Amino acid sequence: MNVPMLDLKAQYQSIKAEIDAAVADVLESQYFILGPKVKECEAAIAEYSSCTYAVGVASGTDALLISLMTEGIGAGDEVITTTYTFFATAGSIARTGATPVFVDIDPVTYNINPELIESKITSKTRAIIPVHLYGQTADMDPIMAIAQKHGLIVIEDAAQAIGAQYKGRRAGSIGHYGCFSFFPSKNLGGAGDGGMVVTNNADRAEKLAVMRAHGSKPKYHHKVIGGNFRLDAIQAAVVLVKLAHLDDWTAGRQANAARYDKLFGEAGLAGDPIVLPKVLTDRHIFNQYIIRVPRRDELIAHLKEKSVGCAVYYPVPLHLQECFANLGYEQGDLPHSEKAAAETLALPIYPELTDEQAKYTVDCVAEHLEKAAASS
Ligand SMILES: *Cc1c(COP(=O)(O)O)cnc(C)c1O
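All figures in this text were calculated on a predicted structure; none of them were measured in a lab.

Procedures and definitions
Residues numbered from 1 in each chain as written. Predicted model: local features only at pLDDT ≥ 70, side-chain atom pairs only at ≥ 80, totals over all residues. Heavy atoms only, no water. Salt bridge = Lys/Arg side-chain N within 4 Å of Asp/Glu carboxyl O. Helix = DSSP H or I, 4+ residues; strand = E, 2+ residues; numbered from the N terminus. Buried < 20%, exposed > 50% of the residue type's maximum accessible area, 1.4 Å probe, protein only. Near = heavy atom within 4 Å. Polar contact = N/O pair within 3.5 Å; in protein donor to acceptor, adjacent residues only side chain to side chain. 1 Å grid on protein atoms, 1.4 Å probe; cavity = no way out; pocket = protein on both sides within 12 Å on 5 of 7 lines; lining within 4 Å. Sits in = over half its atoms within 2 Å of the grid points. Contact = heavy atoms within 4.5 Å.

**With respect to the pattern of salt bridges**
Here's step 1: Taken as a whole, this structure holds 19 salt bridges when the rule is applied.
Here's step 2: Close ionic contact of aspartate 141 with arginine 169 constitutes a salt bridge, the shortest N to O distance being 2.8 Å. You can see aspartate 141 sitting in helix α5 (residues 140–150) and its partner arginine 169 sitting in strand β7 (residues 169–170), a full 28 residues away along the chain.
Here's step 3: When its relative accessible area of 30% is taken as the criterion, aspartate 141 is described as partly exposed.
Here's step 4: Here aspartate 363 makes a salt bridge to lysine 359, at a shortest N to O gap of 3.5 Å. In this pair, aspartate 363 and lysine 359 both sit in helix α10 (residues 355–375), 4 residues apart, roughly one turn of the helix.

And the structure:
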């Protein structure tokens, strides 16, 4: 049996007529950059994430960058974030000229540990970027309390968490800015790169929109230096079609997660030796299903041999990346993140995954553990 890590073709086949018609409409209109489709998409994403405003941008990375730029964050400033995330979170901070300050994770949720934030705050700190990793929000109440106490901006990196919920609130609506990505492998993916920033503040929304178009307002007059961060209409059209299916797909991912939990339980592996994901918030949207497993790299080889897709997110925490060597972190500085990087593995969780595929995947993991036990 073949179990791909992600099967976007299966998803496309299920909505092909709708997608093709939406793209054809944009081609007919020849209105490609911003315009009515992008406005419609912004309104829909704002509503979906319980925010008043949304500003479409060219990627999730740009969503982060433009939020920082809108706050005027740059050289001499510090921004606190998690070390265990996709590179863009910290890359965006560094690109403004500010310094990323890395914090370790809670080993249960893999999200930033709020208890470790306050000791990292200095007179230079301007913002905190919590990341809602794998589709479950960070513990936002303590983070917002710390931010308020110290007058800091909170930018939610919700690239993996559109529709996730924390104490009744949608991801992206809790901080001052919420950043989404429409990269094709995200739960709500476009037909290329795309992203969006949501906010509940009219002034910030206005500034984001200006920043997105070279800081131009009125046209050809520039009070600030922005860039070309615009969302295009084809992406907006595709995202709009897919948004109508997102809750069904989320339910599919949640059902797959529950099925894995059950199968690992029945195989006697749940908890020990395999650590399963823990849902500690109202709505985990399972962008990834992450397990911790002994001798992970041998398991990866075994799964590959069995044609089961899997992936490591992320093998090197950001504080140990070569490009951040100048920041002076060392191995051992953020131990929970380093351990997670060495032990975790993502299994296929996309909504179209079948019962047989999930069962086969768990059987292959169990087989590896038996082999490993016999050989140790
Ligand atoms: C995907 C992702 C981004 C970047 O989004 P792009 O659209 O690929 O630029 C940022 N942060 C996290 C946590 C992501 O997973």
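Further notes follow.
**As for the site of the ligand**
Here's step 1: Taken together, 16 residues lie near the ligand, and Gly60, Thr61, Asp157, Ser181 and Lys186 sit nearest.
Here's step 2: Within the contact set of the ligand, an oxygen atom lies 2.7 Å away from a backbone nitrogen or oxygen of glycine 60.
Here's step 3: Given that more than half its atoms are within 2 Å of the pocket grid, the ligand belongs to the largest pocket.
Here's step 4: Going through the elements one at a time, α3 (60–70) and α4 (87–95) are the ones with two or more residues in the shell around the ligand.
Here's step 5: Residue contributions to the shell around the ligand peak at 3 residues, all from α3.

**Things to note about helix α6 (residues 202–212)**
Side chains that are three or four residues apart share a direction in an α-helix, a result of its 3.6 residues per turn.
Here's step 1: Taken residue by residue, α6 has Arg204, Ala205, Leu208, Val210, Met211 and Arg212 as its buried positions.
Here's step 2: Elements in contact with the buried residues of α6: α2 (35–48), β1 (53–57), α3, β5 (153–157), β8 (177–181) and β9 (195–199).
Here's step 3: By the N-cap criterion, in which a side-chain oxygen at the helix start approaches the backbone nitrogen of a residue two or three places on, α6 is capped by asparagine 201, the distance to aspartate 203 being 3.0 Å.
Here's step 4: Looking one or two residues past α6, histidine 214 carries a phi angle of roughly 60 degrees, positive in sign.

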